[in-house]
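Each chain is listed here by its residues.
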Amino acid sequence: MKLTRRNFLGSAVGVLGAGLVEGCQEKLPRYLVPYTAPPEDVVPGVARRYRTVCRECPAACGATVRVREGRAVKMEGSPEHPVSHGALCPGGQSAIERLYAPTRLGAPWAGGLQIGWDRAEAALAEGLKRALDAKQPVVVLTRPERGQLGALFGAWLTALGQPASQVVTFDPMARGWLREGQRRAFGTAGTPVHDLAAARLLLSIGDDFVEEGSPVEAARALAAQRAAGGRSIYVGPRLSLTGASADEWLSVEPGTELTLVLGLARQVLELGAPAAALPAGALQALRGRLAPYDAATVTSRTRLSRGTVAELAAALAGARPSLVVGPGRAVAGGDAAALAEAVHVLNALLGNVGTTVRFLADPAGLPGMELAEFTRRAAAGEIGAVILHHADPLGYGPAYAALGKALARVPFVAAFTNELDATARQAHLVLADHHFLETWSDVSPRPGLRGIQQPVMTPVLGTRPAADELLAAARALGRTAGLPEGTFGDVVRQAFSEQEIEHGLKVEAAEPLPVSLQATALRDLPAPAPLRGPGMGLPLVVAPTIRHLDGRTPRSALLQELPDPLSGHSWTGWVELHPTTAAALGVKASDVVALEGPGGRVDLPAHVTPTVRAGVLGVPVGDALPLLDGHGPIGLGVRATAAPTGLRRPLHLPEAGHHQHGHELARSVSAASPKLPPQEPLPSMYPPVIHPERRWGLAIDLDRCTGCGACTTACYVENNLPIVGPEDIQRGRSMSWLRIQAFVDETPTGPQASFLPLGCQHCTNAPCESVCPTYATYHTKEGLNAQIYARCIGTRYCENNCPYGVRRFNFFEWPRPGNERLGLNPDVTVRDRGVTEKCSLCIHRIGEGEELARLEGRNQLRDGEIVSACAATCPTKAIVFGDLKDPGSEISRRAADGRAYKLLGELNTEPGVVYLARRREKA
Amino acid sequence: MRPAHPGRPLLLALALCLGCQRASSAAPPGAADAPACAPLSAAAAAEPSQPLPPLDLTLGAPGEPAPADEIAFSHKAHAGDCRIPCLACHVYATTSPVAGIPSGRKCMGCHKFVAKEKPGVRILAARVKAEQPLRWRRVFTLPDFIYFSHRAHLRSKAKLECKDCHGDIAAEKVVRQETPFTMGRCLTCHEQKKAPRDCTTCHR
């Protein structure tokens, strides 16, 4: 056919038409496939909930998993669990994302190829057999497993004819200095339990308990402490989330924290309030040991202002009970153990031991092999086979390079893992383990408490549980003496009653451990340890961040996308520089800085902020790993040089920037009279809006918010928010419906950080509604600012007219790789390209709650019956969801508080979100 | 003939687009004229003792018509002639947002004894014995951005019945969607029965 202009156009029409038709096809399944045999307790379309344990970090929060049609879609805290109390941190909220992540391993690997399980099991048995035949030891290198799995490793080794002590725990983030300091001070090895909530004055020596340790439990306790009128003071080189939550930040010269604590101890003794029943001789000895730390020495070394130390000591002695915690990673240098010892002594002198600090006896456990000994023996070629169990030493940079080299000398290394991590890549055999939501286990976060981990769904991938594979290998070798006959799951199930499994925990009696201060306490104080690394370098502060907890959690896409609460950065590391340090280095924000420490070099963009002390480098823990040399714990131990590279890597700035510019967005009130001036009602041209029955809203107490970002993460998972990736984040296309807006404002007393969880304000007079040409957004009778995606044509007028900047536009149909579709919440529409979206106040939860109440014949809803995802997971209950028209509801009580205010109230938008100003000593 | 106008491709495309939407909301092609009792597939003629090949349960390309059901299930025979109530098989309708499709095992509860020799029942028996899932062509669909709850409708004060929306299924040998589920149809009823007419009732 001859191509003429006319038939070219004709065929073009056909092609274009076909393209459009393709575009408007429905993507619904063509079939209905019923169950072959319906599970008795499953009702399609109705969620089931299972209790289990979150294993994202060793805090082991109790969790409730919502399962729809056999697939876990959301994880919440378990309300009965003493650690989580119904809340989870961002790490726990992201567990679902990791369950379906495209990077998860679905089959065993060997030699760079995927292999079948038959071959993998044969290879495992063969590798073990060779080691046993050669009479060389078999070692299990595992993450901390405080439960029956740890015991099984010992039994398994015994069955193979090996000493049960050949279990090596790999815990690079363990804060070993705390135990060592406790041993020196009290001579015991119990588990310390801190009662943060009871302390009238809480002094944190660089202990970032909101970020590291047991973040949910600690944040809840901190909020309770503040609500009861307690004060808190943070000592450290960098303002962390914990520091931002404290009433006061004392920035001391790095490395002088020990001097400060000893100086405080001396002054407390001088104030004559040794509540601890110390023998007179011991007291005299202690006085002598503390003598060199007089106020002048402490002031000159720590460079604190004159009088601060005396004031602090007086405040500590006056507060009954008080509590000193720490030292945390940010201050844990070469003298960390001595610092921990000094903290314990100070607590004892203040009479806190037995009240806010108690000790529980550790259950008898098997002595394991030390990591150093394992490294030495493996390097010497003495180890025959190593079973890695979720341990990734090579992922921790040069600090564990020696262990990596030693592992390379082991003839057979098999790795149980969920992802092909750095160590698994070097292993001879990689065995894909179940996710923790797919398998049985148990874990004891502290004496007396056992969390039961039960599978909530059938596995997504072709994985197999590690414990059962080890049992199968023992059976294949014919060495089953003392091992269970069934699966490990049976063993776990038999250890607990039905009821305990249903509740997901077992509480046992925990033996309290009486302690008394050793006479030798503070006898052998070390000389100040110099920092390792280049002499010209600046002290490197390794900062734990809530996103990556203590750096242990392998980074999931969701946690990478989640902006760091304080800096606002996602998908990148950064180095924090004080403006004066940056100026001295000739570095501006976003300039790439080359850092060189004793471990190696890393290039990071600069985040110039007053929240870090001048003259130090603040680097988040995961990004600091390449700089460390492994000659001390991961903490404050090294110096690093910083030099501009001349390159720039723009760091995405949070929407509103870091400053309030005098606008009172995140407001404060003085703690003495916590009342804001009342907001006068403004005249309006619009007719009054009437909410006949209910007016849903949120009350956000900024006094309780620690900025952890659990709400943001929960919102991502609950509402099917897409992860857009680093490039689109840089373009400002983050899709988060709820963000933590952090402000750092300079005040006469230093920088002050405040957090403002910011989502749709559900305005009564919403500026977005009046500009929508298609009535896609409107105000419902229940007070919601609703967004109807099917009506939205993507003009983005609403986004432009929103004074809060909380509306998001879908530029693309965002990819959901791997099995991520399986984790979508079926109750929430997945938005298409070209529509605007924003916080719906979990409208599907409201609808479900109202529907269930109606089915019960009720029109009234109980307060707390419906909870939005952000409010449900808030560890401190800073966010409360409820009906503002119900006078008895918690939200109404908060709205009537003197601290309540509406964001940008002068615009007369009449938001449904109420903020409560933060109480500050100097507001 | 006038030269092609720049507006024409769009108009034509719109017509095609509307056409396809109509096609998707009506019964799938071939549903109405398939004879109910004739064996529909080669599998039906096979001996039930022979294992049946597993069914393709993939989503398929968008717009691609679904293959015919291998069992010529007749609602007329069950709900009409035998007067089995809807909820006897669609058991979840009063307790869940979805009504549910009975499992093969549920079908065998009766068909162990009844009409054992019919070709469709023989296929059913073979599938259930092999623990293979059944596969039914979907007739009634709503867009995925719509929340609809069976239990809310069936247990509402309006005392709705299945046939109010689905039509007289009991009279149909092969079910087809007589009237499309459009927003207009939902809203007309909601208006008459004084049910909520808020957008967010269905759009979430």
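The shown structure was predicted, so the numbers you read here are calculated from the model rather than taken from an experiment. (Residues numbered from 1 in each chain as written. Chains lettered and ligands numbered in written order. Predicted model: local features only at pLDDT ≥ 70, side-chain atom pairs only at ≥ 80, totals over all residues.)

Moving on: the overall build of chain A. When its secondary structure is counted, chain A shows 29 helices and 38 strands. Across its three principal directions, the C-alpha atoms of chain A cover 95 × 75 × 65 Å. Counting the 923 residues in chain A, one finds 54% classified as buried. A separation of at least 24 residues holds for 76% of the contacts in chain A among residues at least 6 apart in sequence. (Helix = DSSP H or I, 4+ residues; strand = E, 2+ residues; numbered from the N terminus. Buried ≥ 20, exposed ≤ 12 C-beta atoms within 10 Å, placed from the backbone. Contact = placed C-beta atoms within 7 Å.)

Counting secondary structure elements, chain B contains 9 helices and 1 strand. For chain B, the α and β elements follow one another from N to C terminus as α-α-α-α-α-α-β-α-α-α. Looking at the 204 residues of chain B, the share that counts as buried comes to 20%. Pairs at least 24 residues apart make up 72% of the contacts formed inside chain B by residues separated by at least 6 positions.

As a further point, take the confidence of the model for chain B. Mean pLDDT over chain B stands at 76; residues scoring 70 or higher make up 72%. Here the complex is predicted with pTM 0.91, and the ipTM for its interfaces comes to 0.85. (pLDDT = per-residue confidence, 0-100.)

All names here are of chain A. Here the bond from Arg320 into Pro321 is cis, since omega is -5°, no more than 30 degrees from zero. Along the chain, the position of Pro321 falls in the loop between α12 (308-318) and β13 (322-325). The omega torsion of the bond from Gly326 to Pro327 falls at -5°, within 30 degrees of zero and hence cis. Among the structural elements, Pro327 can be located in the loop between β13 and α13 (336-349).

Before going further, it helps to spend a moment on the sheet that holds strand β3 (residues 62-68) of chain A. Within a beta sheet, neighbouring strands are joined by backbone hydrogen bonds and run either parallel or antiparallel to one another. Residue and element names in this part refer to chain A. Read from one edge of the open sheet, 3 strands run β2-β3-β4, paired in antiparallel fashion. Each of the sheet's edge strands pairs with one partner strand only, and the pair in question is β2 (48-53) and β4 (71-77). Averaged over all neighbouring strand pairs, the angle between strand axes comes to 30°, with direction disregarded. The sheet contact formed by β2 and β3 spans 6 bridges and is antiparallel. Bridge assignment links Val53 to a residue of β3, and that residue is Gly62. (Pairing = 2+ DSSP bridges. Axes fitted to C-alpha atoms, helices over the stretch in contact; angles between N-to-C directions.)

Looking now at the sheet that holds strand β7 (residues 138-142) of chain A. Residues and elements named next belong to chain A. On the basis of which strands lie adjacent, the open sheet formed by 7 strands has the order β6-β5-β17-β16-β15-β7-β8 and mixed pairing. Where the open sheet ends on each side, the last strands, each with one partner, are β6 (113-114) and β8 (167-169). With 4 bridges connecting them, strand β16 (residues 412-417) and strand β17 (residues 429-432) associate as parallel partners. For Ala414, the partnering residue across the bridge sits in β17 and is Leu429.

When two helices pack together, their arrangement is given by the angle between their axes and by how far apart the axes lie. All names here are of chain B. Direction vectors running N to C along helix α5 (residues 104-111) and helix α6 (residues 119-129) enclose 125°, while the axes themselves pass 10 Å from each other. By the angle between their axes, α5 is oblique relative to α6. With respect to the hand of their crossing, α5 and α6 are arranged in left-handed fashion. Contacts from Gly104, Arg105, Cys107, Met108 and His111 of α5 reach α6 at Val121, Leu124, Ala125, Arg127 and Val128. Of the residues assigned to the contact of α5 with α6, the class counts are 6 nonpolar, 2 polar and 2 charged. (Parallel < 35°, antiparallel > 145°, perpendicular 65-115°, else oblique. Left-handed = near helix turned anticlockwise from the far one by under 90°. Nonpolar A, V, L, I, M, F, W, Y, C, P; charged D, E, K, R; others polar.)

On to the nonpolar core. Soluble globular proteins tend to bury their nonpolar side chains together. Counting 262 residues, the largest nonpolar core has Val261(A), Ala265(A), Ala342(A), Leu346(A) and Leu617(A) as its most contacted members. Among the nonpolar cores identified, the runner-up in size contains 6 residues, and Ile71(B), Ile123(B), Leu124(B) and Val128(B) belong to it. (Core = buried A, V, L, I, M, F, W, Y, C linked by C-beta atoms within 7 Å.)

What follows concerns the pairing of strand β9 (residues 191-194) of chain A. Residue and element names in this part refer to chain A. Burial along β9 is one-sided: the face carrying Pro192 and His194 is buried and the face carrying Thr191 and Val193 is not. For β9 and strand β14 (residues 357-360), the ladder comprises 4 bridges, and the chain directions are antiparallel. Bridge pairing in β14 links Val193 to Arg358.

The next thing to look at is helix α9 (residues 183-192) of chain B. Counting buried positions along α9(B) yields 0 of 10 residues, so the element is predominantly exposed. Immediately downstream of α9(B), the backbone of Lys194(B) shows phi near 60°, a positive value.

Low-pLDDT stretches of the model should not have their predicted coordinates read in fine detail. In the predicted model, chain A carries a mean pLDDT of 91, and 95% of its residues have values of at least 70. Low pLDDT (under 50) marks residues 12-26 of chain A, which in the prediction has 23 contacts with non-local residues, meaning those over four places away or in another chain.

Okay, helix α6 (residues 176-186) of chain A next. Residue and element names in this part refer to chain A. When we look at burial in α6, the residues that qualify are Trp177, Leu178, Gly181, Gln182, Arg184, Ala185 and Phe186. Burial along α6 is one-sided: seen end-on, the buried residues are contained in an arc of 165°. Looking one or two places after α6, you find Gly187, whose phi comes out positive at around 70°. (Arc of directions from axis to C-beta.)

As a further point, take the environment of Tyr778(A). All names here are of chain A. Summarising the element assignment, Tyr778 is placed in strand β31 (residues 777-779). Take Tyr778: there are 19 C-beta atoms within 10 Å of it, and that puts it in the partly exposed class. Separated by 637 residues in sequence, Tyr778 and Leu141 have C-alpha atoms that sit 58 Å apart. Residues in contact with Tyr778, not counting those within four places in the same chain, are Glu769 and Ala786.

Residues and elements named next belong to chain A. With respect to the helices and strands, the residue Glu910 is situated in the loop between β36 (900-901) and β37 (913-916). The exposure class of Glu910 is buried, given the 20 C-beta atoms found within 10 Å. With sequence-adjacent residues up to four places away left out, Glu910 is seen in contact with Cys763, Thr764 and Asn765.

On to the packing of helix α4 (residues 117-133) of chain A against helix α17 (residues 466-476) of chain A. Residue and element names in this part refer to chain A. Where α4 meets α17, the axes come as close as 9 Å, and the angle between the chain directions of the two elements is 60°. Relative to α17, the element α4 is oriented oblique. Crossing geometry of α4 relative to α17 is assigned as right-handed. Here α4 contributes Glu121, Leu124, Ala125 and Leu128 to the contact with α17, which in turn contributes Glu469, Ala472, Ala473 and Ala476. Tallied by class, the residues present in the contact of α4 with α17 amount to 6 nonpolar, no polar and 2 charged.

All names here are of chain A. Its place among the elements puts Arg409 in the loop between α15 (401-408) and β16. Taking the C-alpha atoms as reference points, Arg409 and Gly384, separated by 25 residues in sequence, lie 9.2 Å from one another. Leave out the neighbours within four places in its chain, and Arg409 touches Ala378, Ala379 and Gly381.

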